[in-house]
Amino acid sequence: MQAIDQACVNTLRFLAADQVEKAKSGHPGFPLGTAPLMYTIWDRYMSYNPANPDWFNRDRFILSPGHGSALMYAMLHVAGYDLPIEELKNFRQWGSKTAGHPERGLTPGVDVSTGPLGHGFAMGVGFAMAEAMLAARYNKPDFPVVDHYTFGITSDGDQMEGVSGEAASLAGTLGLGKLIYLYDDNKITIEGSTDIAFSEDVEMRFKAYGWQVLRVADSEDIEAMAAAIQEAKADTTHPSLIIVRTHIGYGSPKQDMASCHGEPLGAEALAAAKEKAGWSQEMFYVPEEVKEHFNAKLPACAEAEANWNHIMESYAMCYPELAQELADRISGKVEIDLSELEAIFKDNAKTATRAASGDVIQKLAAMVPALVGGSADLGPSNKTVIKAEKYFSKLDRTGRNIHFGVREHAMGTILNGITLHGGFIPFGGTFLVFADFLRPTIRLAALMGIQSVFVLTHDSIAVGEDGPTHQPIETTMGLRIIPNVSVIRPADALETAAAWKMAVEQKTKPTCLLLSRQNLPTLHEYAAAVHEGAVKGAYVLSPAENAKVILIGTGSEVELCLKAQKALAEEGIAASVVSMPSWDLFEAQSEEYKASVLPAGVTKFAVEAGVPYGWAKYVGDEKNVLGITTFGASAPGGVVLDKYGFNVENLVAKVKAVL
């Protein structure tokens, strides 16, 4: 290793170790062992510009084992990002930009939040898919307006998580040649040697997935790693995994020991490691030659973006419509006229909201070039196929439909990667009950504040014959309690149109669309109220003068509320009906508006084919809820609903009991 390379690697190593030592918290073993991998990628191959971390045509980098965040921060600091040494000294502390795991939006230069192992790996597949889709649509001869790589570091822990296997399998099938991972093969986990629970041949597994697999025997051999990355770039039809033999805690008295994974080295061991490396004992030491080495790169970084801007200017002259479309996609510009979506259903009497969603997708696909998506092998059931478009594949990158296969977890992470890349509003479909496979990805999308759309159909016990394994009971409420997630359960086709409008216009949170299998009446009689109110999360659908009770329904149960309203009226009980497709959208309204929909002093009663827990927030007591607290049953959907009490007679009786 050349002297400057060694100095840079040691700078990264000990900046990371110093962060952990000062914080008395963190993971020093990974940075000490993996610093050469980080340095090789960033020094030799990454195209980036610290002056504009969000430059669109930059290479993306993913640190999948996010517990090694101190190494990421060290790299960003020396590379010239707005991350001063004071932030490194404030590692893992309140208000710092150097959190315990990398957080997108908090730290300049961090492209993706990582920490849940396997997720970063899988989101990288989404990055690579996004780059390929955009390049296929917009690149022209002499105009490579979308041309970049996705690099990353992955770990033993990543490889043990199932989601990485799901994503790797799809990446190989799709031949994502611009996806390159360096695998930190240190053979140590928190509990000890990896062979206690992980004895498979990773190389053979990835070759079976359809990846190019390369090996570097010594992590200290920068030139060998650089040559491997060059070889990986030369293979344009396979993603690449470069297996690098590393040593956790490299150079410290705790090298190759599990004890250096998740706790500071301690002052004595850190001092010994620095002494062995011939390094200054000064904390947070950065040699002048290292500063000069990375500062010398900054003009080329700025030039790379300037050259791209010049290409974009020329491109706009030759292909003005495509250039404007790409600019709009990069900026996220979307304008939807709800009336255009509602007009799809002017002649519909009854339709399942999953089918209505499918109709809206067709319209939106024509209006919004950024819209792409698919399902976890349930396209015909979820109604998620864009009928006028082809499928994205190894041989055709122009498709806007995606075959995710039976891989719900990977689908969610890949959606997040596509969203994070920019230029897309991606959606993915499965049954609502399988949202449990997606939950970690929905949570991470919410934490990052990104726009992934999850189309979750077959939303209640009305699924029927498939039985309790496919009938969600607690799932809707479970999604509602995740912060910064928009959960929308529309009552009909018109509310479904409003739900999709919100999903494509909402830039700072993911959306879960909960849709019915069974047909529901289209609320044409109440079209004006739906148009104005559905986007607000809750609204008075059918008012009653001097109402004694307000029936609050969601989704398919709104129809039941309307029927019960009439039955109660026949008994002299005035009831209003409120449709509440979305708690979170309703909570975002003014206090005055919320009070107008749910005025104080009037009894409220909620109806939803799911657990009643949480509804007391709106109705005061869970006895004022018609819900379900057991698993469902296998029978025709209408029979199941009736047996569980979702009928007019039972609802009227329960309402009368609480009045």
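Scroll up for the structure.
Residues numbered from 1 in each chain as written. Predicted model: local features only at pLDDT ≥ 70, side-chain atom pairs only at ≥ 80, totals over all residues. Heavy atoms only, no water.

Chemist: With reference to specific residues and values, describe the packing of aromatic side chains.
Modeler: The full count for this structure, using the stated rule, is 27 aromatic pairs. Relative to Phe61, the ring of Trp42 lies with its centre 5.7 Å away and its plane at 65°, an arrangement referred to as edge-to-face. Note that Trp42 is positioned in helix H2 (residues 29–45) and Phe61 in strand S1 (residues 60–63), a separation of 19 residues in sequence. A residue is classified by how much of its surface remains accessible, and Trp42, at 2% relative accessible area, is buried. For Phe61, a relative accessible area of 3% puts it in the buried group. Put simply, the rings of Phe121, Tyr181, Phe206, Tyr209 and Trp211 pair up and form one aromatic cluster. Just above the ring of Tyr149 sits the side chain of Lys178; from NZ or CZ to the centre is 5.1 Å. Here Arg329 stacks its cationic end above the ring of Phe424, 4.7 Å away from the centre of that ring. (Phe/Tyr/Trp six-rings, centres within 6.5 Å; stacked < 30°, edge-to-face > 60°. Helix = DSSP H or I, 4+ residues; strand = E, 2+ residues; numbered from the N terminus. Buried < 20%, exposed > 50% of the residue type's maximum accessible area, 1.4 Å probe, protein only. Lys NZ or Arg CZ within 6 Å of the ring centre and 35° of its normal.)

Chemist: Describe the side chain of Asp111, listing the residues and the values that go with them.
Modeler: Position of Asp111 among the secondary structure elements: in the loop between helix H4 (85–89) and helix H5 (119–138). Among the residues examined, Asp111 registers a relative accessible area of 11% and is labelled buried. Within the structure, Asp111 has its side chain in polar contact with the backbone nitrogen of Phe61 (distance 3.1 Å). The residues touching Asp111, leaving out its near neighbours within four places in the chain, are Arg58, Asp59, Arg60, Phe61, Arg104, Phe127 and Leu420. (Polar contact = N/O pair within 3.5 Å; in protein donor to acceptor, adjacent residues only side chain to side chain. Contact = heavy atoms within 4.5 Å.)

Chemist: Quick one: what's the story with the pairing of strand S9 (residues 371–375), residue by residue and with numbers?
Modeler: Burial of S9 is extensive: five of the five residues sit out of reach of the surface. Because side chains alternate across S9, one face comprises the buried residues Leu371, Gly373 and Ser375, and the other comprises Val372 and Gly374, equally buried. Alignment of S9 against strand S11 (residues 425–431), held across five bridges, turns out to be parallel. Pairing of Gly374 across the sheet is with Gly428, part of S11. (Pairing = 2+ DSSP bridges.)

Chemist: Residue-level account of the layout of surface pockets, with values.
Modeler: By volume, the largest pocket amounts to about 920 Å³. Those elements that provide at least two residues to the lining of the largest pocket are helix H13 (320–331) and helix H17 (408–421). Considering each element in turn, the lining of the largest pocket owes the most residues, five residues, to H13. (1 Å grid on protein atoms, 1.4 Å probe; cavity = no way out; pocket = protein on both sides within 12 Å on 5 of 7 lines; lining within 4 Å. Points joined across faces, edges and corners; volume = space filled by probe spheres on them.)

Chemist: Kindly report on the sheet that holds strand S3 (residues 179–185), identifying the contributing residues and their values.
Modeler: Taken together, the five strands give an open sheet; going across it, the order is S1-S2-S3-S7-S6, and neighbouring strands pair in parallel fashion. Both edges of this open sheet fall to S1 and strand S6 (212–216), since each of them pairs with a single strand only. Neighbouring strand axes in the sheet, compared pairwise and without regard to direction, differ in orientation by 20° on average. Taken together, the five bridges between S6 and strand S7 (residues 240–245) define a ladder with parallel strand orientation. Considered in S7, the bridge of Val213 is made with Leu241. In the packing of helix H9 (residues 222–234) onto the sheet, contacts are made with strand S2 (150–155), S3, S6 and S7, and the angle to S6 comes to roughly 170°. (Axes fitted to C-alpha atoms, helices over the stretch in contact; angles between N-to-C directions.)

Chemist: Explain the pattern of salt bridges to me, and be specific about the residues and the numbers.
Modeler: Under the defined criterion, the tally for this structure stands at 28 salt bridges. The salt bridge involving Arg489 is made with Glu557; its shortest N-O contact spans 2.5 Å. Placement of Arg489 in the loop between strand S13 (486–488) and helix H20 (493–505) and of Glu557 in helix H22 (residues 557–570) is noted, with a sequence separation of 68 residues between them. Take Arg489: its relative accessible area is 2%, and that puts it in the buried class. Two residues, Glu587 and Lys617, come together in a salt bridge whose shortest N-O distance is 3.7 Å. Placement of the pair is Glu587 in helix H23 (residues 583–587) and Lys617 in helix H25 (residues 616–619), with a sequence separation of 30 residues. We classify Lys617 as exposed; its relative accessible area is 54%. Connected through salt bridges with shared partners, the residues Asp5, Asp43, Arg44, Glu223 and Lys297 form a single ionic network. (Salt bridge = Lys/Arg side-chain N within 4 Å of Asp/Glu carboxyl O.)

Chemist: Explain the pairing of S11 to me, using residue names and the numbers behind them.
Modeler: Across the seven residues that make up S11, a large majority, seven, are buried. Note that S11 and strand S12 (residues 453–457) share five bridges and pair parallel. Residue Gly429 lies in a different strand from S12, and its bridge partner there is Val455. Taking the sense of rotation as the criterion, the β-α-β connection linking S11, helix H18 (residues 435–448) and S12 turns out right-handed. (Right-handed = clockwise from strand over helix to strand, strands pointing away.)

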